Structure formats: C-alpha cells, structure tokens
Amino acid sequence: MRWLILKDLQILRRSPLILGLLLVYSVVLALVVSQAVDRGPSKPRIAVVNEIPPDAATFDLGPEEIDVNEVAEELFRSIDPVRAKTREEGLEKVESGEALGLLVVPADIPQKLAGAIQLSGGDPPSVDFYYEDDNPLKSTQVQSAIKSRIADANRAISQKITAEAGKYLGFILRGGSFSVLGQSFDVLGLENAERIVRAVQATLPAGSDNRAALERVRSFADLAAQNLDLSEELLNSIGTPIRVNERKLSSSGNAFYSAAALAVSLMFVCVLLGAGLLALEREENAFGRLVRGLVTRTTIVVQKALLAGLLGAVAGAVILAVLTATGSAEASDLPTALLAVLVASLAFGALGVAIGGVTREVRAASLVAVLVLLPVAVLGLIPSGTVSGAADDTIAAINALFPFRPALRGIESGLTGGDLPARLAHLSALALGYGLLARIALRRFA
Amino acid sequence: MPTIGRVTSATLGAEGVSKRFGDREALREVSFSAGAGERLAIIGPNGAGKTTLLSILSGIQEPTAGRVTHPPEVIGWVPQQPAVYSKLSVAENIRLFARLENVPDVEATVARMLELTSLADRAGDEVGKLSGGNRQRVNIAVGLLGEPDVLLLDEPSTALDPRQRELLWDFISSLAHGGTTVFFSTHNVGEAERYADRVLVLADGELLFDGPPAALIGDQRDFEAAFVSFLHERGH
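1. Comments concerning the overall build of chain B
- Scanning chain B for helices and strands turns up 8 helices and 9 strands.
- By the burial criterion, 54% of the 236 residues in chain B qualify as buried.
- For chain B, the proportion of contacts with a sequence separation of at least 24, taken over those separated by at least 6, is 70%.
- Accessible area for chain B stands at about 10300 Å²; split by element, carbon and sulfur atoms hold 47% of it.

Structural data, given as structure tokens:
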C-alpha cells in the first residue's frame, strides 16, 4: 500500500495547480465562513429615529431623575446605528438596503415610562420597529437582534426601578414617610410594629387589651398588604418596562423561497450546461475543426452561453408555472419574473462557459463548477448587513462578482414588483464579463 | 537538402516556418511547396514536428516566424483523433459539418460522402458506437466536405485494419488524381513509400529531406532501412 501512497503523492506533487487551487479554495472558504460566523449579528445596521424632544427626555423616579435619551443611547450603542431625522427618512434607508430595520423611539415614551413606573396607569411605553419581511432569513435574524437589544435596554431600566423598589421595601421593613401620587404616608414599618406589639404584650395583663395600640398594628397590617399589592404591580413593570411594536414593511409571502429555489436550480442547470457544452467541444476534438473558418471563437462562446441560458430559462419557466399553480407565485407577476429568469439564466450560462473555457475538460469543469457554486450559494443567502466588518465587505464583493445573489434579488423583484432594472443591468454586466473571460480562455483552448 | 521533383503550380507551401512552445523549438525554418494533385508524406521520429506542421498548414496554429504560402480558400483537415461528435449519428455529423461549410446541396453531399466512405448502411448509427476505423472514415468524410483543393491528414491510417487502410489509400489516390493536393503524416514509412509522390522528413523540427521516396532509398535494401540510416547519418 505504501507504494500506492508514494505514487499518489508523486502525482499530486506534479500537479501544483490543482493542489494550489484546492489549498487556496479551502483557506478562502474557511476564512470567509469563520468571519461570517465569528462576526455574527452582534451589531446589526439599523436606522434609528429618536423623536423625544431634548427638553422632555427626563422624568423623576423617586429622588432620581431618569434621562430616557441616556437609555436610548445605551440601546443604540449595542447596534450599528444609521441616524435618521424622521420616520420617512429611516424607512427610505431600510428600503434602499442601507439598514436592516428602523427603530423609532416615540416622543411620548418618557411620559409613558414614568407612568408605568409610578403606577399611574395608561398605555405601556413602547418603541416602534419596522423591518422588511421579504427575506425570512433576514427578518428572523433582525427580529432576534432587535429583541436582544431591547432586552438590554429593559435590563438597564430595570436596574433603576429595582433600586427604587428596594427603597419601598425599606419603608415597609423599617418605616418612614414618603409620598405617592401627591399623598403623604407615614409608615410604621414591620420592625417598629414588632417592637410595639412586644411592648404592649409586656404591659397588658392577661385577658386585657389595649385597643389603640392594637388598632395601630391592624392599620399597619392593612397598609402593608396594600404596599405588597403595589409591589407586585411594580415588579411586573420591571420585567419589560419597554415593549416593541413590530411593523412589517412588506410581506412578499413565499417570494423569497420561490426566488431562492429558482436561483439555485437555474445556477446549477445553466452553469453545468455551459461548462459541459464548451468543454465537450474540446473532448470531442471538434473545436479545432470548428474554428478553422467554420465559426469564430466568439460565436462559440455566445452560442454556448445562449443555449445554456435558454435551456435554463425553459426550466425556470416550468418551475414558475408550478409555483403559480401551487399558489406560491402570482400569475400577474409572471412576465417580470420570467424576464428576470431569462437574464439570470444567460448570466449563469456565461459563467458556465467561462468555467468550461478555463478548465477545458468536462469532468474538471463539473468539479470546478460545483466547488465554486456551493459556497457562492451559501454566501448569497446570507442577508446583507447581518455580519459586520471585513466579512460583510468580502461577502458583498463575492455576491457582486457572481450572478447568484443578483439573480436571487432579480427574481424576487420580478415576483414582488421590486427594483428589477438595476438587477437586470447587474446580471447583464456579469454575462458580458464572463463571456469576455470565456473568449480569452478560448485562445489556448484547442 | 535534396529537393527533387518540385512542381511548378504551387498550391500550398511554407516559407521559413518556425514554431516555439516556450523554450522548445517545434519547427525550425521549414520551407517547401506542393503542387496540385501531389501526395506528400510527412515522416519523422516522434516529436519531430509533423502534427505541428500540419496544424500550421491547416490554420489551426499560427507560426512563430515565417508564413504559409499560397493557402487555398478551402483546406480539408483530418486530425489524428476523430473530430466528430460521438453522440451524433454518422449522417448527422456529416450533415452538421456540411451545413457549417455552407455546402449547396447538403443532403446530396451527405449521400455522396456516405457512399465514398462505404458507411451508408451505418448512417443512422451513433459515431461513438462505431469501430475506430469507421470513426476515422467519418472523420475523413467531414474533412472532404468542402471539396478542398488541399487535404491534410494527420496519421489517417492509425486505427484502420489492413483492408480499411487499402480502401483509404485508394480513396486518397483518387482524390489526388482529381487534382487535390494531399499531405499526410504517418509513422508507417511503408505507406509513405507506396502512396506518396514526395516525402518530407522532419526531425527535431528541422526539414531534413524533401523529395520522392526513391531518392531517399539510394543504395539501401528498403525504404524503412534507408529512412533509419538517413536519420542516423544526421545524428537523429
């Protein structure tokens, strides 16, 4: 067996290109994936609008003054805030993709928060959170992120409330004077009550009662019970002093899933077809015969990309018809969706032809295509803005260079009436680019 | 270098043709010319540059230096490995390339080529299921579709049995009699002696001999011995 191992090692040593590609591929893939995982949604990019007027941001909690803006800043510190002055401006940032969602701190939140803590009744304080529901992966991640951030803010407020509640409990335990809702209370306190009862017990003969002292003890018990009721209400408000009003900006139903299924299918069909069709010309030795004046190399590139794209588009049309029949897509959206499918298929076909031109053999072309397409599909499904730093930039660059993400967004736009022209322009540019790459590769193809 | 039997009406030739692949010089200043109806055999040891010369003459490759002279409008090319589609039938292959060649009457041409190559009874069979010899016949049929003035064949008889080889050379000879200039490379020097009017001997990219087979034999007992001796004398 060792001779076979030695032989294989010798062969691998004499295939530095394949070894190098495999090494670079695995390293780059590991780096990108680890970056994406390590730098998860710790700081999602979220538009924020603070509607609280600067002079109305404080309220009193016992002797302490609470500044809601400070609480809000604490909240913003945990996200990557994209500042907006108005809700409209914030919503535009979400629609443009600049931000994953919009968090609005309403102007009345200081009053509502004060009311909740001082037990004056009324609506509980809440913030408004807008997000697009077009991508379930993204909306799930964003919802999770913003709820986590709100929980952080609630925890900060709870600490202040808990401290205040501790003072009330101190009154109950040790007694003293305080005011609630404009009324002053003189509380005996459990410790004092205990002393009084003990003193009365000591002075009274057996069977005698001191009515006044006992009445005082009874009053304290009554008040203590009321305070305990108040404490229960207060403790309830400690858990979630601020609520979140979630507002979906759009709901595309199953459009994302339909687009993802279509994009993945088209990608594999068109790329493998394009790569295989071109590489087959060389494997059949026909390429040399063809380019001897029968057809030009450019014609071959265009023909292969067109054929792969059109066959993919036919497959895409069938899938769309099935999706429409099952109610996953609207019949009225079919023309734009079909246009997106067609252009996406051509871009995928051109990518396949480029891979076929570079690899020159059908089996190698298929292997390289799968090696390229799988990570591209995974990265293309990661919602933009949900990872931060260099990982986000790297993923964005990869998504821009390969047709999968533009195809996904294009088909989704076709199904929902989104910004289709921009996606089609992107896909067309990629088709031309990969066509050019394939044409260059054909210079050494025969 | 002997240059016997040159023809005056040149149809295709080379003038100082050189070809480099990196550091390796595949052809070195090769010059010759061929006349209408001539049969030229290109022989030489492995790696001599035979296929490179044919591919330059056919236009598949460009020479690094020098030029191809008097290239006719149509040159038929029959590569060593059959350059046809294995998943298409014999007739489909011929029809496809006839259309690409802009042949006026495609179906008549297909029928003629099937007749010429004796493959009419296999017209509907996939090429991938044919024997090596029959595949080569399809390959040659496709090379002849444009009714070329010059036909280039790279080791055409390699996969053929003796009977098929005989048929092939009869066919090629008939083409030459009709005025087609035929270049072929071969490792079978006996074929070069029997079926060529002239032989071009290449070794290490250099053209060592250009003349009729009889001129190479000299006082040797046979052509193969003369060929080996000739190469030996020149250090190959």
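2. Examining the sheet that holds strand β5 (residues 75-78) of chain B
Residues and elements named next belong to chain B.
- Spatial strand order, β5-β6-β7-β3-β8-β9: 6 strands in an open sheet with mixed pairing. The two strands at the open ends of the sheet, each matched to only one other strand, are β5 and β9 (206-211). For this sheet the average axis-to-axis angle between neighbouring strands, irrespective of direction, equals 15 degrees.
- The sheet contact formed by strand β3 (residues 39-43) and strand β7 (residues 181-185) spans 4 bridges and is parallel. Of the residues in β7, the one forming a bridge with L40 is F183.
- Across the sheet, helix α1 (residues 50-58) lies against β3, β5, β6 (150-154), β7 and β8 (198-203), angled at about 150 degrees from β6, the strand it touches most.
- Contacts from helix α8 (residues 223-233) reach β3, β8 and β9 within the one sheet, and its direction differs from that of β8 by about 40 degrees.

3. Comments concerning the packing of aromatic side chains
Residues and elements named next belong to chain B.
- According to the stated counting rule, one finds 8 aromatic pairs over all chains in the structure shown.
- Between the aromatic rings of Y85 and F97, the centroid separation amounts to 6.0 Å while the plane-to-plane angle is 10 degrees, which identifies the pairing as stacked. Here the residue Y85 occupies a position in the loop between β5 and α2 (90-100), and F97 occupies one in helix α2, the gap between them amounting to 12 residues.
- Among the aromatic residues, ring-to-ring pairing joins W169, F184 and Y195 into one connected group.

4. A closer look at the interface of chain B and chain A
- If you look at the interface, chain B gives 20 residues, while chain A gives 10 residues.
- For the pair chain B and chain A, the two sides together bury roughly 1300 Å², of which 54% comes from carbon and sulfur.
- Broken down residue by residue, the surface that chain B buries against chain A is led by I60(B), Y85(B) and L100(B), which jointly contribute 41%.
- The interface formed by chain B and chain A contains 0 salt bridges.
- Top contributing element to the side of chain B that touches chain A by residue count: β5(B), with 4 residues.
- In terms of residue class, the side of chain B that touches chain A is built from 12 nonpolar, 6 polar and 2 charged.

5. Looking at the packing of helix α9 (residues 255-283) of chain A against helix α11 (residues 297-325) of chain A
All names here are of chain A.
- The N-to-C vectors of α9 and α11 enclose an angle of 150 degrees; their axes lie 9 Å apart at closest approach. Accordingly, the angle class assigned to the pair α9 and α11 is roughly antiparallel. Between α9 and α11 the crossing geometry is right-handed. Note on element contacts: α11 touches α9 through I300, K304, L307, A308, G309, L311, G312, A313, G316, I319, L320 and L323, opposite S258, L262, S265, L266, V269, C270, L273, G274, L277, L278 and E281.

6. Notes on the pairing of strand β6 (residues 126-131) of chain A
Residue and element names in this part refer to chain A.
- Counting buried positions along β6 gives 6 out of 6 residues, so the element sits mostly inside the fold.
- Of the two faces of β6, the one carrying S126, D128 and Y130 and the one carrying V127, F129 and Y131 are both buried.
- Pairing between strand β5 (residues 101-105) and β6: 4 bridges, direction antiparallel. Its bridge partner being in β6, V104 is matched across the sheet by D128.
- Bridge analysis of β6 against strand β9 (residues 243-248) gives 6 bridges, and the strand direction is parallel. Across the sheet, residue D128 finds its bridge partner in β9, namely N245.

7. Structural notes on the sheet that holds strand β1 (residues 45-50) of chain A
All names here are of chain A.
- The strand order across the open sheet built from 5 strands is β4-β1-β5-β6-β9, with neighbouring strands paired in mixed fashion. The outermost strands of the open sheet, each flanked by one partner alone, are β4 (80-83) and β9. Averaged over all pairs of adjacent strands, the angle between strand axes in this sheet comes to 30 degrees, irrespective of strand direction.
- Together, β1, β4, β5 and β6 form the strand contacts of helix α4 (residues 87-95), whose direction differs from that of β5 by roughly 160 degrees.

Scoring rules and cut-offs
- Think of each chain on its own: its residues are numbered from 1, step by step along the sequence as written.
- Naming scheme: in the order in which they are written, chains are lettered from A and ligands are numbered from 1.
- The predicted nature of this model means local features are confined to residues of pLDDT at least 70 and side-chain atom pairs, given and counted, to a pLDDT of 80 or more, with totals for whole chains, interfaces and linings taken over all residues.
- Side-chain figures throughout are based on the complete set of non-hydrogen atoms in the structure, without hydrogens or water.
- For helices the rule is a DSSP run of H or I covering at least 4 residues; for strands it is a run of E covering at least 2, with both sets numbered from the N terminus onward.
- Type-normalised accessible area, obtained with a 1.4 Å probe on protein chains alone, sets the label of each residue: buried when under 20%, exposed when over 50%, and partly exposed for intermediate values.
- It only takes one pair of heavy atoms within 4.5 Å for two residues to be counted as in contact.
- Note that accessible areas follow from Shrake-Rupley with a 1.4 Å probe, and for residues the cover is restricted to the protein chains shown.
- Here, any two strands with at least 2 DSSP bridges between them count as paired.
- Only the contacting stretch of a helix is used when fitting its axis, a line to C-alpha atoms as for every element, and angles between N-to-C directions run 0 to 180 degrees.
- Only Phe, Tyr and Trp rings take part, Trp by its six-membered ring, and two of them pair if their centres are within 6.5 Å. Stacked means planes under 30 degrees apart, edge-to-face means over 60, and tilted covers everything else.
- Buried area is understood as the total, over both parts, of accessible area removed when two parts are fitted together, assessed with a 1.4 Å probe.
- Salt-bridge detection follows one rule: a side-chain nitrogen of Lys or Arg within 4 Å of a carboxyl oxygen of Asp or Glu.
- Residue type decides the class: Asp, Glu, Lys and Arg count as charged, Ala, Val, Leu, Ile, Met, Phe, Trp, Tyr, Cys and Pro as nonpolar, and the leftover types, Gly among them, as polar.
- Roughly parallel refers to an angle under 35 degrees, roughly antiparallel to one over 145, roughly perpendicular to one between 65 and 115, and oblique to any angle outside these ranges.
- What makes a crossing left-handed is the near helix being turned counterclockwise from the far one by less than a right angle; a clockwise turn instead makes it right-handed.

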